[in-house]
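Residue-level structural notes
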Amino acid sequence: MGCRSSKSITLKTVVSGPESVPPDEGFVDGVVCNDADIGEDEMKAVDLDGSKVLLVRQRGKLTAIGNKCSHYGVSLASGALGDGRVRCPWHGACFNVETGDIEDFPGLDSLPCFQVSVVKGKVRVRAKRSELTTGKRTKPMVGRLAGDNRTFVVIGGGPSGAACVETLRQEGFTGRIVMINKEPYLPYDRIAVSKAMDFEVDKKLLRRQAFYDEHAIETVLGVEASSMNVEIREIGLSNGSRISFDKVYIATGSRAKKVPIEGADLANVCVMQTYQDSKHVSAQLGENKHVVILGSSFIALEAASYCVNKVAKVTVIARGSIPLKDSFGPQIGQRILEWFKEKNVAFVLNSGLKRCIDDGNGKLESVELIDGSTLKADLCIMGVGSALYTDFLKGSGVKLDSNGAVYTDYHQETNIPGVYAGGDIAHSPLFCDQNISATLGHFGLAQYHAKIAALNMVDKPTVARSVPFFWTTLFGKSFRYAGHLPKLQDVLIEGDLQEFRFVAFYFDENDHVKGMSSCGWDPVVAQFAELLSQGRTLHRDQLKEDRFSWTKTISCADRLIN
């Protein structure tokens, strides 16, 4: 069933976009389509001077924004049109259809917003040429004022920390901002660590140093927090210095773990966490090398997918019998297992490592499994989980879970006023799961936490409406997942698993759909994420006659007849 209103909607033309400006060679103006070409609750990519613009009509109002997601440049015309915003089909970033402002993540930039008018049934769009070409827009940011003596510290230089410092300046904070990063690099795109490996960090920076300098954001690299005293509002750093703060956002993330076995400290026993890790692993690959990967996590399988065509053999050692079973369910996990075998990845299931064997020179030569058998191994990658970087908070008074996670409320604030946390380390309420708190390590969620924290830090009270969205790419196939279901009860699969074109619905004990995954079926997961973000639920009964009728309602949620 589609969207219906209690009274009919009359399509009308409303001019929107930036205020009218006089003709200028820096602008492009042209007819892009007929007014009748786009209906209510529809979006359409149109051409303007060789670039694509996204037209959207909702509530009779016609708007135009950039068509490419600012994260990875995906066409938003193929995304999910929600109520007042469009969500990227690949990674779930959201943009306001009237302003182009980014509302959910990943990414940092907003989209340009263009002026729209209709003359004699023809839709005209006027755009600044530079914004039309780049398809991106950085929201205006304030600078630092000499008389503002407040200091806000951001601990963590990952995507969450990067989003926080920018949001603070965008939302009017004019005091001192200091971002502390334990890595010796500015914030970069960590997605490439296990998916690409051979990347150059300079080409994956989220922002250049000049950007931080321009907006008076201090960056402290290669240094980590070692202690925090919330009574005197002071942070101790690993270089021996101390910094006072008025408010702080903690997004220190996690560190990949090694299994504590003999030989785990050998030179070629690695984890996949940082740019240095990926650079080291990439340098070890060669056609005569044998690679052993411990674990069947997303990172482990991404590493196997990347390595297998570059070495003599890749063997995955997994504790269970089906990879990704807890995330995607047994049927999809089994198909992925079969597919990896088709791609020449070997598996040793229901097993583990007993020790890593030294070649006599401090390098890995082979590994011994728990059954006593051995495998040749020039390189061992451990993808078996992570630990949180929160040891420096012990004894500080900040409330921690037993695993080191930081408890936060709906504003990302901890039990200590003025101390906020987000990203991997945050144990925070999930809007999509009745506000049950959880600790999740997702790229987009980490940046969303940062935005919410920053708004509250500048006294703009904002409640988080967190909807997890994550993805992985294996042998060129993209798998997406939205929602949260700690314990899978049942799964319904629509489509063809064999051809990797499917949608999976994950149910809880009350037959509510709490999670959804897909492969080759965009933008359904983005549509589900949008439905969850509207505070709505999906029940098994709603899927009986038509699995996807609910997708027709997400663009007009507040106009539905109850």
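Structure report, in brief. None of these values were measured; they are calculated from a predicted model. (Residues numbered from 1 in each chain as written. Predicted model: local features only at pLDDT ≥ 70, side-chain atom pairs only at ≥ 80, totals over all residues. Heavy atoms only, no water.)

Overview of the overall build of the chain
For the chain, the helix and strand inventory stands at 10 helices and 36 strands. Taken over C-alpha atoms, the radius of gyration comes to 25 Å for the chain, in line with the 24 Å a tight globule of 562 residues would show. With respect to the three principal axes, the spread of C-alpha positions in the chain is 80 × 65 × 50 Å. Sorting the 562 residues of the chain into buried and exposed places 56% on the buried side. For the chain, the exposed area adds up to about 23,600 Å²; of that, 46% sits on carbon and sulfur atoms. Charge-centre separation for the chain: the mean point of 66 positive side chains lies 2 Å from the mean point of 67 negative side chains. (Helix = DSSP H or I, 4+ residues; strand = E, 2+ residues; numbered from the N terminus. Rg over C-alpha atoms; globule rule 2.2 N^0.38 Å. Buried < 20%, exposed > 50% of the residue type's maximum accessible area, 1.4 Å probe, protein only. Areas by Shrake-Rupley, 256 points an atom, 1.4 Å probe, with all protein chains shown as cover. Lys, Arg positive; Asp, Glu negative; His and termini not counted. Charge placed at Lys NZ, Arg CZ, Asp CG, Glu CD.)

Remarks on the packing of helix α2 (residues 159-170) against helix α9 (residues 443-457)
Their axes nearest at 8 Å, the elements α2 and α9 cross at an angle of 30°. Overall, the two elements α2 and α9 adopt an arrangement that is roughly parallel. The hand of the α2/α9 crossing is right-handed. Along the contact surface, α2 presents P159, S160, A163, C164, T167 and L168, while α9 presents F443, A446, Q447, A450, K451, A454 and M457. (Axes fitted to C-alpha atoms, helices over the stretch in contact; angles between N-to-C directions. Parallel < 35°, antiparallel > 145°, perpendicular 65-115°, else oblique. Left-handed = near helix turned anticlockwise from the far one by under 90°. Contact = heavy atoms within 4.5 Å.)

Overview of the sheet that holds strand β24 (residues 364-369)
The sheet built from three strands is open, its strands ordered β23-β24-β25 with antiparallel pairing. The sheet is open, and its two edges are formed by β23 (353-358) and β25 (374-376), each paired on a single side. Strand-to-strand, the axes of this sheet are offset by a mean angle of 25°, without reference to chain direction. (Pairing = 2+ DSSP bridges.)

Considerations on the side chain of H71
Relative to the helices and strands, H71 is located in the loop between β4 (61-66) and β5 (80-81). A relative accessible area of 15% places H71 in the buried class. Among the polar contacts listed, one links the side chain of H71 to the side chain of H91, at a separation of 3.1 Å. Apart from the residues lying within four places of it in its own chain, the contact partners of H71 are H91, P106, G107, I191, F443 and W471. (Polar contact = N/O pair within 3.5 Å; in protein donor to acceptor, adjacent residues only side chain to side chain.)

Some details on a negative patch on the surface
Negative charge collects at one region of the surface, where D265, D358, D359 and E365 lie side by side. Tracing the chain through its elements places D265 in the loop between β18 (254-256) and β19 (269-270). Looking at D265, the relative accessible area reads 69%, which means it is exposed. (Patch = residues over 30% accessible without salt bridge, like charges linked within 9 Å, V, L, I, M, F, W, Y side chains within 5 Å. Salt bridge = Lys/Arg side-chain N within 4 Å of Asp/Glu carboxyl O.)

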